[in-house]
Amino acid sequence: MPSVILIGTGRMAYHLGHAMIEADVPVIGVSGRNAEKLADLSRYLDRPALRWGAPLPEADIILIATSDDSIAEVAAALAVSKSVMAHTAGAVGLDVLAPHEQRGVLWPVQTLSHGAPIDLKDVPLVVGGNTAEAREAMLKLARAISGSVFELTHEQREVMHLAAVLTSNFPVFLVREAQRLLKQQKLPPNLLMPLWRTTANKVSTIGPDQALTGPARRGDTSSVQRHIHLLESDPDLRRAYALLSTMVLKAYGHDTDGIDV
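Attention here is on the structure that accompanies the text. (Residues numbered from 1 in each chain as written. Predicted model: local features only at pLDDT ≥ 70, side-chain atom pairs only at ≥ 80, totals over all residues. Heavy atoms only, no water.)

### Notes on helix H2 (residues 35–45)
As a reminder, the rule being used: Only protein chains enter the accessibility calculation, which uses a 1.4 Å probe. A residue is then buried if its area is under 20% of the maximum for its type, exposed if over 50%, and partly exposed in between. Strands here mean DSSP runs of E at least two residues long; helices mean DSSP runs of H or I at least four residues long; both are numbered from the N terminus. Comment: arc refers to directions from the helix axis out to C-beta atoms. Under this definition, polar contacts are N or O atom pairs within 3.5 Å; protein pairs additionally need one hydrogen-donor-capable and one acceptor-capable atom, and for neighbouring residues in sequence, both atoms have to be side-chain atoms.
Taken together, the buried positions of H2 are occupied by Leu38, Leu41, Ser42 and Leu45. Buried residues of H2, seen end-on, are gathered within an arc of 105° and therefore sit on one face of the element. Opposite the buried face of H2, by more than 90 degrees, sit the exposed residues Glu36 and Arg43. Its side-chain oxygen 3.1 Å from the backbone nitrogen of Glu36, Asn34 forms the N-cap of H2. With its phi angle positive at about 55°, Asp46 sits one or two positions after the end of H2.

### Topic: the layout of surface pockets
The gaps left among the atoms become clear once a water-sized probe is rolled over them. Rules: Only protein atoms enter the 1 Å grid used here. Points where a 1.4 Å probe fits but cannot escape make up a cavity, open sets with protein on both sides within 12 Å along at least five of seven lines make up a pocket, and a residue lines them when an atom lies within 4 Å of a point. Grid points are joined across faces, edges and corners, and a volume is the space filled by probe spheres set on the points.
In this structure, the largest pocket encloses a volume near 2,500 Å³. Pro171, Leu174, Trp196, Leu212 and Leu244 are the residues nearest the centre of the largest pocket, which is lined by 48 residues in total. Elements with a minimum of two residues in the lining of the largest pocket: helix H5 (154–184), helix H6 (193–206), helix H7 (208–211), helix H8 (215–218), helix H9 (221–230) and helix H10 (235–251). With 14 residues, the single largest contributor to the lining of the largest pocket is H5.

### Section: the packing of helix H1 (residues 11–22) against H2
Put simply, the test is: All axes here are fitted lines through C-alpha atoms, helices being fitted over the stretch that makes contact, and every angle between N-to-C directions spans 0 to 180 degrees. Here the word oblique covers every angle except those under 35 degrees (roughly parallel), over 145 (roughly antiparallel) and from 65 to 115 (roughly perpendicular). A clockwise turn of the near helix away from the far one marks a right-handed crossing, whereas an anticlockwise turn of less than a right angle marks a left-handed crossing. We call two residues in contact when some of their heavy atoms are within 4.5 Å.
Contact geometry of H1 with H2 gives a least axis separation of 10 Å together with a crossing angle of 25°. As the angle between them shows, H1 and H2 are arranged roughly parallel. Both H1 and H2 take part in a crossing whose hand is right-handed. The segment H1 lies against H2, with Ala13, Tyr14, Gly17, His18 and Ile21 engaging Leu41, Tyr44 and Leu45.

### Side note on the pattern of salt bridges
Quick note on the threshold: We count a salt bridge whenever a side-chain nitrogen from Lys or Arg sits within 4 Å of a carboxyl oxygen from Asp or Glu.
Enumeration according to the criterion identifies 11 salt bridges in this entry. In this structure, Glu151 engages Arg135 in a salt bridge whose closest nitrogen and oxygen atoms are separated by 3.4 Å. Taken as a pair, Glu151 in strand S8 (residues 149–151) and Arg135 in helix H4 (residues 132–145) lie far apart in primary sequence, 16 residues in all. Assessed through its relative accessible area of 41%, Glu151 is described here as partly exposed. Arg135 gets classed as partly exposed once you look at its relative accessible area, which sits at 31%. Linked by salt bridges that have partners in common, Arg176, Glu177, Arg180 and Asp234 make up one network.

The following block contains the structure:
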């Protein structure tokens, strides 16, 4: 089992740190640039807080669980060693980890929010490495945490990341927008939650093709156009609704004439 030093104090470090400890991965310590958050994470994980800027103890993997934009800066600040330097970003390549010779990635394909730690045992973990040694270390770590591990190229990870955004981020934002419309009419936004839960369950059990319903799926262009008209005062959401409806109509062989995109 590879030993790990965890760099980061945010949600990724919180959830991954908990998952590694639950899997009996030897987490030597945690480090990060925010001293207050580092102290909190250290107490939560019951692992030593390693002062940022001080020499790190030896470890097989140094795992940078920070924001995508800060990975290169963090990696550059860490002394070059025999450790595999890895990050947790889905769409970021391994070149940002230079000048470290051994480089890797471990990306949980899951939304990581505040709250109770997520059980990652069944969550897909995507790994990669620039050398055989790095790949093997990342595979061993991932397999200790989850029973669903995939080794992907950077190009495959980029497409996977895009697909994850389409699957998770955009639908959640659209629910937010739908709740905003209800609030404008002084209706309880939680009226949509039973629909949301049922839809998510159907997608996961019978697949999106069978689960998809609604006017565009049926080819009911009159209803689609009425909805577009209702959104006249909200041009951004109007354009999004029209474009998505047109995509659905085309995908299921319906005529798109009369849809004002």
